[in-house]
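# Chains, contacts and geometry: an overview
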Amino acid sequence: MTAIQHTSAIQRISVGRRLKDKVIQGLVYLSFAIAVVPLVSVLWLVISNGLARLDVEFLTHSMRNIGARDAGGGAYHAIIGTLEQVLLSSIISIPIGLLTAIYLVEYGRGGRLSRAISFFVDVMTGIPSVVSGLFILAFWILALGMPFSGFAGALALSILMMPTVVRSAEEMLLLVPNDLREASYALGVPKWRTIVRVVLPTAFTGIVTGVMLAIARVAGETAPLLLTVFFTDSINTDPFSGPQMGLPLYVFGQSARPTDAAIDRAWAGALTLILIVMLLNLVARLIGWWRSPARGR
């Protein structure tokens with residue numbers, strides 16, 4: 001083969017590669033556009049329908065003494081309930097999930113117990129939300145005789161939240177280079193202190209992101225709350241006593257009423273829930289940025 005033929009063959013191969021690259025790039029952009037269209041349409045629909053009713057009255061009043069066909073009222077009681085329920089479920093699931101991930105990565109690699117734990121975490125990841133609500137209903141409310149409450153709803157939400165925390169924290173801990181661990185061990189630092197002072201700070205940003213994904217998942221769950229929290233139109237700031245409303249329940253209840261005022265309240269409740277999740281994600285991003293290793297904190 002002459003030099004000219006060799007150069008021509010290389011050019012043909014280069015053109016073919018560039019063509020394939022452009023085709024794949026176009027498919028990636030097309031897939032991105034297809035994935036974004038439903039998200040943008042849902043956001044636009046919720047914002048356009050919810051802004052009209054999202055006002056000060058809606059955020060500061062409950063539905064007490066508001067009839068099914070009456071205008072007015074708000075979702076203050078549901079906002080308080082959702083914040084308390086999500087906070088309690090986070091307090092329950094985050095420490096357990098994080099400690100489980102630390103065991104799987106740092107202590108139990110390849111062990112029989114770690115394999116069993118990983119299997120059950122995978123099973124819990126696929127559990128339908130209504131099953132967690134039924135479990136808490138059967139065990140906590142019916143068997144133990146506890147009342148419907150926000151805490152019962154938090155228990156059901158924590159079951160859904162825990163496997164997400166475990167898997168996200170486990171992946172972040174696995175990304176920490178072993179060189180950091182070995183350098184700490186070489187200085188005579190105990191393993192538990194290495195985990196606390198080296199491994200966890202390095203993976204902190206990713207762990208926070210995973211926790212926020214878990215919170216975002218459970219914040220909008222309705223089925224567990226239907227079975228454990230029950231309905232109320234009054235403000236109940238005590239999650240351990242009596243029925244307590246949540247924003248998913250509020251949206252569900254208002255959307256079932258055949259009046260325009262109720263439908264408007266349902267749209268406003270959905271928009272409020274989205275805003276709360278977005279605000280929590282923003283706070284988590286700021287915390288992760290502030291505590292990132294690059295900033296030396």
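Read on for an overview of the structure.

Cut-offs and rules
Residues numbered from 1 in each chain as written. Predicted model: local features only at pLDDT ≥ 70, side-chain atom pairs only at ≥ 80, totals over all residues. Heavy atoms only, no water. Phe/Tyr/Trp six-rings, centres within 6.5 Å; stacked < 30°, edge-to-face > 60°. Helix = DSSP H or I, 4+ residues; strand = E, 2+ residues; numbered from the N terminus. Salt bridge = Lys/Arg side-chain N within 4 Å of Asp/Glu carboxyl O. Axes fitted to C-alpha atoms, helices over the stretch in contact; angles between N-to-C directions. Parallel < 35°, antiparallel > 145°, perpendicular 65-115°, else oblique. Left-handed = near helix turned anticlockwise from the far one by under 90°. Contact = heavy atoms within 4.5 Å. 1 Å grid on protein atoms, 1.4 Å probe; cavity = no way out; pocket = protein on both sides within 12 Å on 5 of 7 lines; lining within 4 Å. Points joined across faces, edges and corners; volume = space filled by probe spheres on them. Nonpolar A, V, L, I, M, F, W, Y, C, P; charged D, E, K, R; others polar.

## Digging into the packing of aromatic side chains
Between two aromatic rings, the relevant description is the distance of the centres plus the angle of the planes. Counting across every chain of the model gives six aromatic pairs. Between Phe148 and Phe230, the ring centres sit 5.3 Å apart and the planes meet at 35 degrees, which makes this aromatic pair tilted. Of this pair, Phe148 sits in the loop between helix 5 (129-143) and helix 6 (150-174) while Phe230 sits in the loop between helix 9 (223-228) and helix 10 (247-255), and the two are 82 residues apart along the sequence. Every member of this aromatic cluster is reached through a ring pair, and the members are Trp140, Phe151 and Phe240.

## Quick word on the pattern of salt bridges
Under the definition given, this model contains four salt bridges. Glu106 is the partner of Arg181 in a salt bridge, and the nearest nitrogen-oxygen pair spans 2.7 Å. Highlighted residues: Arg181 in helix 7 (residues 178-186) and Glu106 in helix 3 (residues 76-107), separated in sequence by 75 residues. By sharing partners, the salt bridges in this structure join Asp122, Arg167 and Glu170 into a single network.

## Points about the packing of helix 6 against helix 8 (residues 191-219)
At a minimum axis separation of 8 Å, helix 6 and helix 8 run at an interaxial angle of 150 degrees. Viewed along their axes, helix 6 and helix 8 adopt a mutual orientation that is roughly antiparallel. When the axes of helix 6 and helix 8 are compared, the crossing they make is right-handed. Of the residues in helix 8, those in contact with Leu157, Leu160, Met161, Thr164, Val165, Ser168, Ala169, Met172 and Leu173 of helix 6 are Val199, Leu200, Ala203, Gly206, Ile207, Gly210, Val211, Ala214, Ile215, Arg217 and Val218.

## Regarding empty space enclosed by the protein
Applying the stated criterion to the full structure yields one cavity of 30 Å³ or more. Considered as a void within the structure, the largest cavity measures approximately 30 Å³ in volume. The wall of the largest cavity is formed by Thr82, Leu83, Val86, Ala219, Ile276, Val277 and Leu280. Breaking the lining of the largest cavity down by element, the ones donating at least two residues are helix 3 and helix 11 (260-290). Residue composition of the lining of the largest cavity, by class: six nonpolar, one polar and no charged.

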